[in-house]
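Working through the structure, step by step
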Amino acid sequence: MENRSGVRSGHLADGADGSSWDTGTEDDSGAVMKAVGRQIKLWREAAGLRQAELGAAIGYSEEMASCVERGRRASKPEFLDGADRVLEADGKLAAMRGDVAEARYPKKVRDLARLENDAGELGAYSNHNVHGLLQTEEHARALFGMRRPAYDDDEVDRHVAARMARQHIYDRRPAPLLTFVLEEVTLRRPIGGRAVLKRQLERLAEIAQLRHVEIQVMPTDREEHAGMAGELRVLKIKDGTTVGYSEAQLTSRLISDPREVQILEMRYGMIRAQALTPRESLAFIEKVRGET
């Protein structure tokens, strides 16, 4: 069943979580990939080239060219640009870069990105990771690289690209109100190493100074904590709908029941009240960065 925001209630997953990630060929992105593959094949055959020859001309293997033509792999922008040039397609193949870029992202991440883009206000409490909208590319890559069962390089690239694309929310106008509460441990755990952590802390300090963003830190020594049931998000959609979002080990759930959403709103309000203020939190982040 769909709520008024157009998002189907049920299980969704963020870019790093969920056990049901696929290659994108079982949802609408598969149709895009197959359509692009057919176009590349038609242009290649019209040029009288074999797959191996096209691949060699643009710096890819015959296997990769075959996978792209069959819609098994989403073509990277470099592949489309190279194919457009070699096959003299006059920009017709390169023009599909935007469609293919979106198709590379898992459908569940695209659904989440659309929900975030429809939100006029987003609040998020994170208890074990820096929130995805705050992560640097290096930090995100380190997280996906340690996933078990392990992702291959293409899957890591795909998930990192999807996560970074969601950060376009900062460029939206009018700007949405974004609030985040991070557990102190997320600022201290050296995911990817000390250098990656230091750059992540620098990124947090930069984002915290945006006018439409507030970042708060929940110190570990707090005796009262309303977020012990786990991380959560509350999103106020521009049409007036409010929805919640929560994550567990293998599943994530979009919450549209008004009674459950009210509980999440109450908990998030209490979490913010118990955390350091935004000004205190920025000073705390700078202090941890100096110690890193």
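My aim in this report is to walk through the structure given alongside it, one point at a time. This one's a predicted model, so the numbers in the text were calculated from it and none came from an experiment.

A look at empty space enclosed by the protein
Rolling a probe over the atoms, with the probe sized like a water molecule, indicates the empty space that remains. Inspection of the entire model under this criterion finds three cavities of 30 Å³ or more. Taken as a whole, the second largest cavity encloses approximately 50 Å³ of empty space. Residue lining of the second largest cavity: A124, Y125, S126, H131, E231, L232, R233, Y245, S246 and E247, and that is the complete set. For the lining of the second largest cavity, the residue count by class is four nonpolar, three polar and three charged.

Notes on the environment of V156
Checked against the element boundaries, V156 lands in helix α8 (residues 153-166). By relative accessible area, V156 is classed as buried at 9%. V156 sits 10 residues away from M146 along the chain, and the two C-alpha atoms are 9.8 Å apart. Each residue touching V156, except ones within four places of it in the same chain, is listed here: R141, F144, G145 and Y151.

Quick notes on the pairing of strand β6 (residues 242-247)
Here is the key point about a regular strand: its side chains alternate between the two faces of the sheet. Of all the six residues making up β6, five are buried; the element is thus mostly covered by neighbouring parts of the structure. One ladder, built from five bridges, connects strand β5 (residues 232-237) with β6; its direction is antiparallel. When the bridges of β6 are listed, K236 appears paired with T242. Summarising the sheet, β6 and strand β7 (residues 252-255) pair through four bridges and their orientation is antiparallel.

A closer look at helix α7 (residues 137-145)
Along α7, the residues that are buried comprise H139, A140, A142, L143 and F144. In the core, the buried residues of α7 are packed alongside α8 and α10 (194-208).

So, the nonpolar core
For soluble globular proteins, nonpolar side chains are generally found buried alongside one another. Among the nonpolar cores identified, the biggest contains 32 residues, and L134, Y170, F180, L187, L204 and I215 are the most heavily contacted of them. Residue assignment for this core shows that the elements contributing at least two residues are α6 (107-117), β2 (119-126), β3 (177-183), α10, β4 (213-218), β5, β6 and α12 (278-291). Here the element with the most residues in this core is α10; it accounts for six residues. Here L204 is in contact with V130, L134, L182, L187, I215 and I285, once residues within four sequence places are set aside. In terms of nonpolar packing, the next biggest core, distinct from the first, is built from 16 residues, A65, V68, A74 and A89 among them.

Considerations on the pattern of salt bridges
Summed over the entire model, instances satisfying the criterion amount to 19 salt bridges. Put simply, E137 and R141 hold a salt bridge, and the shortest N to O gap is 3.5 Å. Note that E137 and R141 are positioned in helix α7 at a spacing of four residues, about one turn of the helix. When its relative accessible area of 32% is taken as the criterion, R141 is described as partly exposed. One salt bridge in this structure joins D157 and R141, with 2.8 Å as the shortest N-O distance. With D157 in helix α8 and R141 in helix α7, this pair connects stretches of sequence that are 16 residues apart. Judged by relative accessible area, D157 falls into the partly exposed class, the value being 23%. One network of salt bridges, in which partners are shared, links K76, E137, R141 and D157.

Digging into the pairing of β4
In terms of burial, β4 is largely enclosed, as five of its six residues are buried. By the bridge criterion, six bridges tie β3 to β4 in an arrangement that is parallel. Along β4, the bridge assignment pairs L178 with V213.

Overview of unusual backbone geometry
Comment: phi is negative for the bulk of residues other than glycine, and the bulk of peptide bonds are trans. Going from R148 to P149, the amide bond is cis rather than trans, its omega being 0°. Its place among the elements puts P149 in the loop between α7 and α8. The backbone of E88 sits at a positive phi, close to 50°, despite the residue not being glycine. Inspection of the secondary structure assignment puts E88 in the loop between α4 (77-86) and α5 (97-103). A positive phi angle is found at D90, which is not glycine, with a value near 55°. As for its position among the elements, D90 is in the loop between α4 and α5.

What counts as what
The residue count restarts for each chain, going from 1 along the sequence in the order it is written. Per-residue local features are limited, in this predicted model, to residues with pLDDT of at least 70; the limit for side-chain atom pairs, both in listing and counting, is 80 or more; totals at the level of whole chains, interfaces and linings are taken over all residues. To get the side-chain values, all heavy atoms of the structure are used, and hydrogens and water are removed first. Both site types are read off a 1 Å grid over the protein atoms alone. A 1.4 Å probe that fits but cannot get out defines a cavity, while an open set with protein on both sides within 12 Å along at least five of seven lines defines a pocket; lining residues have an atom within 4 Å of a point. Grid points are joined across faces, edges and corners, and a volume is the space filled by probe spheres set on the points. Classification used: nonpolar for Ala, Val, Leu, Ile, Met, Phe, Trp, Tyr, Cys and Pro, charged for Asp, Glu, Lys and Arg, polar for all others including Gly. Put simply, DSSP H or I for four residues or longer makes a helix, DSSP E for two residues or longer makes a strand, and each gets a number counted from the N terminus. For each residue, the accessible area found with a 1.4 Å probe, counting protein chains only, is set against the maximum for its type, and the residue is called buried under 20%, exposed over 50%, and partly exposed in between. Contacts are assigned to residue pairs with any non-hydrogen atoms lying within 4.5 Å of each other. Here, any two strands with at least 2 DSSP bridges between them count as paired. In this description, a nonpolar core means a group of buried Ala, Val, Leu, Ile, Met, Phe, Trp, Tyr and Cys residues linked to one another through side-chain atoms lying within 4.5 Å. Only one rule defines a salt bridge in this text: a Lys or Arg side-chain nitrogen within 4 Å of an Asp or Glu carboxyl oxygen.

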